[in-house]
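# Chain and residue survey
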2 protein chains.
Amino acid sequence: MSHHLDTLFEFLRFQSVSADSAYTPQMLGCAEWLAGYFRKIGLSAEVHPTAGHPVVTARNEHRPDRRTVLIYGHYDVQPVDPLALWTRPPFEPAVEEGVIYARGSADNKGQIMAHILGVEETLKAKGDLPVNLIFLVEGEEEIGSGHLGPFLEAHRESLQPDVIAISDTGMISPDLPALTYGLRGILALEVRVKGPATDLHSGSYGGLAPNPATILARMIASLHDDEFRIAIPGFYDRVLPLQEWEREEWAKLPDTDDEFRKVIRSRGLLGETGYTSLERLWARPTAEVNGIGGGYQGEGSKTVIPSEAFAKLTFRLVPNQSPREIDALVRQHLQNICPPEVELTLSDSHIGEPFMSDPQSADGLAARRAVARTWECEPALIRQGGSIPILQTFQQVFGTDILLLGLAQPGCAAHAPNENFLVKNFEEGIRLNQALLEELAAVPAKS
Amino acid sequence: MSHHLDTLFEFLRFQSVSADSAYTPQMLGCAEWLAGYFRKIGLSAEVHPTAGHPVVTARNEHRPDRRTVLIYGHYDVQPVDPLALWTRPPFEPAVEEGVIYARGSADNKGQIMAHILGVEETLKAKGDLPVNLIFLVEGEEEIGSGHLGPFLEAHRESLQPDVIAISDTGMISPDLPALTYGLRGILALEVRVKGPATDLHSGSYGGLAPNPATILARMIASLHDDEFRIAIPGFYDRVLPLQEWEREEWAKLPDTDDEFRKVIRSRGLLGETGYTSLERLWARPTAEVNGIGGGYQGEGSKTVIPSEAFAKLTFRLVPNQSPREIDALVRQHLQNICPPEVELTLSDSHIGEPFMSDPQSADGLAARRAVARTWECEPALIRQGGSIPILQTFQQVFGTDILLLGLAQPGCAAHAPNENFLVKNFEEGIRLNQALLEELAAVPAKS
């Protein structure tokens, strides 16, 4: 087997499941192995203890006359349950028909290892890198990166980069790479409506007692208009309209509606009118009910008016919406709808800022040139529907541009059984790293 | 202690809980004791086995030249849980400050025993009754009267009355009796909305996948307009408008809003505008969500689009709405609202017809005279918000008028701990029976 796959397989055999303390020794072993590998290829490396799992950093010798690039990744993986659905043991990596199967192969060990091997090859061939490089590989990405923020704050000076590169997203298809320049943010809160003090007999009190489930339903219904546009006053005020180039760029992508239909398996797709599926997913905000409950939950019928009802809501937000502003609008709207006869309780909100970087910036253009050199085609310029909370942390601490250059396929089964990563994309990632560091090195320093 | 209370206490000591088969011997003992008591006062009596608990019937000698009155009641009682909340053992009846405390004291042993003792006194005083009398006392009222319909069908000829009297409802207050001439009917069904085949990540599919909780909320919201009038087309078409005399009669009743507020304990009462609380409760239909659920039910937030959501709905219906017709309207309305992108499943419906008798009929007037003789005041003419399903059975089998002359107080705690019945109302019930049989006897036979 090749040195590339050998090295990745060693990395993949660590059962580095961050969510379960039973795997703590494997987590430590993995972090130490990684630091050892960094040293072996000629970098200095440290394993930094945190209140949770350690952070591994590595760097070459930094010189003031060149730019500093930080490459972020994570060595922790998702739990493997349900184990029964794996066709091979998740921590015994294997290649079958050009596909690497193992937990962590795509998310994120395969992708970060491609960068490490790229750096190894450059150092071997040229004895030096074109940039000051920092690898930052954490062990808590799958459990919320709880200790990363304080770590970055504590090491801000020594870690401050000019640009950050992350390969933890995806490609469009095996031969079509992508630069992800936008992500949605999120606002999550829970709504509780309390009516009567206890469940009441609907014959004895129906018509008198406010029904909290009915009131809650009216609130939820009021979130959208008939076109499934969000009907909260002011909600769209700061939404960055889709640019003409974005609509053109995305219209050129392979049609994914059939694929969406296959995963969703509802009778149809449904969303805001006037936009394509990808536009709705990547560039338009949503209001979703994640859970709803109240009153009788058992079999058959029970003639009660429930005492209370709840709904868990999330709003996916897009650039340039401010989660804090939207939070205030949502609260005001719900309070305006709620009749005074019931008690409305809104939980604290969890928020995540939307992310946007400029693919036309000097670093964005450098990344696109690196991709073009690697694949011999331009990367698709895309956004994504989800959120990557650590991006905010990086932006807050360092204030630098972040380049998302994913290597995983849509069918990579991240977080699911039979996670996989194409050998071809792994090798391309190694070459991408070499091209990327060269291109980023050539970007003039900001004045 | 008096013969009246002695006899009632014997009856109350039977732990005749129909819902729990552990009490079957007590049920049988109670039925046999009752038949024995009927015989002791001079009636012929039978204990009729059914596939469930037995039905007890009793009768005097029937003569073709007088009217036949059937008095219905039940000897089964509700379970006593939560036992810890009783201030005395539920099957050890006691009188305290003029109030009888025991499970079944109000519902229904005290009320049916008042009729039995009334008949006993008439027989003792006069040697005969003014009517052909049938007592029908069943043992399954608290569990749905499942075997009563077939029993009535099988004995239709021997049981056919001219009029039916039932004391299983309530008074307005200790000195204010009531004739209940209307009850609401019911339509119950469950709505399920299925969207995606599985719960989906709201970041990866939000904006594409139909959210069944949102769709369901829109359906529920569509059931009412802003005035809390039901917005289903055709829903009110057959609603019998409140008569002027009813509104006047009910306006004279003591104000019960404070009492309703005390029980409901919401921030306020809420219902269809344009009607008083009693009018809404007694004479206006409702649409209630009894339970709602779907998606994530745990602590905190989970960013999923639920695969499905359900709501359990009941509609309280009023004369002359037809539950079958309303069922069709509700189904049509929900189907019209439901977008084709999701799958709507409506369960089979359970229905109960609304009940209405004419308080101005010859029998209604006779009952009112009997009440006036007993209490020296006219009964309030009222309806109730709930449903009594067996009334339908009686109306279907016998097609006769039904007089609801309740003796229980609003605070009688039927089905709850510390069930109670006023000694005063018990004694009044005994006198009511005597006046009632005389007044009903005097009603001319229908031509």
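Residues numbered from 1 in each chain as written. Chains lettered and ligands numbered in written order. Predicted model: local features only at pLDDT ≥ 70, side-chain atom pairs only at ≥ 80, totals over all residues.

### Describing the overall build of chain A
- A count of helices and strands for chain A gives 14 helices and 19 strands.
- Relative to its length of 447 residues, chain A is compact, with a C-alpha radius of gyration of 24 Å against a globular reference of 22 Å.
- Projected onto its principal axes, the C-alpha coordinates of chain A cover approximately 85 × 50 × 45 Å.
- A burial count over chain A gives 52% of its 447 residues as buried.
- Taking the intrachain contacts of chain A between residues at least 6 apart in sequence as the baseline, contacts between residues at least 24 apart amount to 78%. (Helix = DSSP H or I, 4+ residues; strand = E, 2+ residues; numbered from the N terminus. Rg over C-alpha atoms; globule rule 2.2 N^0.38 Å. Buried ≥ 20, exposed ≤ 12 C-beta atoms within 10 Å, placed from the backbone. Contact = placed C-beta atoms within 7 Å.)

### Examining the sheet that holds strand β19 (residues 420-422) of chain A
Residues and elements named next belong to chain A.
- Pairing is antiparallel in the open sheet, where three strands are placed in the order β4-β5-β19. Two strands in the sheet have a free side with no partner beyond their single neighbour: β4 (94-96) and β19. With direction set aside, neighbouring strand axes in the sheet form an average angle of 30°.
- Judged from the three bridges that link them, β4 and strand β5 (residues 99-101) form a sheet pairing that is antiparallel. Residue Glu 96 lies in a different strand from β5, and its bridge partner there is Val 99.
- Sitting on the sheet, helix α14 (residues 423-441) is in contact with β4, β5 and β19, with an inclination near 65° to β19. (Pairing = 2+ DSSP bridges. Axes fitted to C-alpha atoms, helices over the stretch in contact; angles between N-to-C directions.)

### Some words on the sheet that holds strand β19 (residues 420-422) of chain B
Residues and elements named next belong to chain B.
- Pairing is antiparallel in the open sheet, where three strands are placed in the order β4-β5-β19. At either margin of the open sheet sits one strand with a lone partner, and together these are β4 (94-96) and β19. Across the sheet, the mean angle from the axis of one strand to that of its neighbour is 30°, orientation sign disregarded.

### Here's the deal with the pairing of strand β6 (residues 132-138) of chain A
All names here are of chain A.
- Judged by how many residues are buried, β6 sits mostly within the fold: seven of seven residues are covered.
- In β6, alternate side chains face the same way, and those of Asn 132, Ile 134, Leu 136 and Glu 138 on one face and Leu 133, Phe 135 and Val 137 on the other are all buried.
- Looking at chain direction, strand β2 (residues 55-59) and β6 are connected through four bridges and run antiparallel. By the bridge assignment for β6, Thr 57 is matched with Leu 136.

### Digging into the nonpolar core
- Core analysis: the biggest nonpolar cluster contains 248 residues, and Leu 216 of chain A together with Leu 216 of chain B have the highest contact counts within it.
- Leaving out residues up to four positions away in the same chain, Leu 216 of chain A has contacts with Val 191, Val 193, Ala 309 and Ala 311 of chain A. (Core = buried A, V, L, I, M, F, W, Y, C linked by C-beta atoms within 7 Å.)

### Thoughts on helix α3 (residues 109-126) of chain B
All names here are of chain B.
- With 18 residues, α3 ought to run about 26 Å at 1.5 Å a step, and its terminal C-alpha atoms sit 25 Å apart, in line with that.
- Most of α3 sits out of view: 13 of its 18 residues are buried.
- Looking one or two residues past α3, Gly 127 carries a phi angle of roughly 80°, positive in sign. (Expected span 1.5 Å × (residues − 1).)

### Some words on the interface of chain A and chain B
- At the interface, 68 residues of chain A touch 68 residues of chain B.
- The set of elements that each furnish at least two residues to the side of chain A that touches chain B consists of β10 (200-201), α6 (202-205), α7 (212-221), α9 (257-264), α10 (277-283), β11 (286-295), β12 (304-305) and β13 (308-317) of chain A.
- With nine residues, the single largest contributor to the side of chain A that touches chain B is β11 of chain A.
- Broken down by class, the residue content of the side of chain A that touches chain B amounts to 27 nonpolar, 28 polar and 13 charged. (Nonpolar A, V, L, I, M, F, W, Y, C, P; charged D, E, K, R; others polar.)

### Quick notes on the confidence of the model for chain A
- Scored by pLDDT, chain A comes out at a mean of 96, with 100% of its residues at no less than 70.
- On the interface metric, ipTM, the complex scores 0.91, and its pTM is 0.90. (pLDDT = per-residue confidence, 0-100.)

### Brief notes about the environment of Leu 278 of chain B
All names here are of chain B.
- Residue position: Leu 278 is located in helix α10 (residues 277-283).
- Residue classification places Leu 278 among the buried positions, given that 23 C-beta atoms sit within 10 Å.
- Leave out the neighbours within four places in its chain, and Leu 278 touches Trp 250, Leu 253 and Thr 256.

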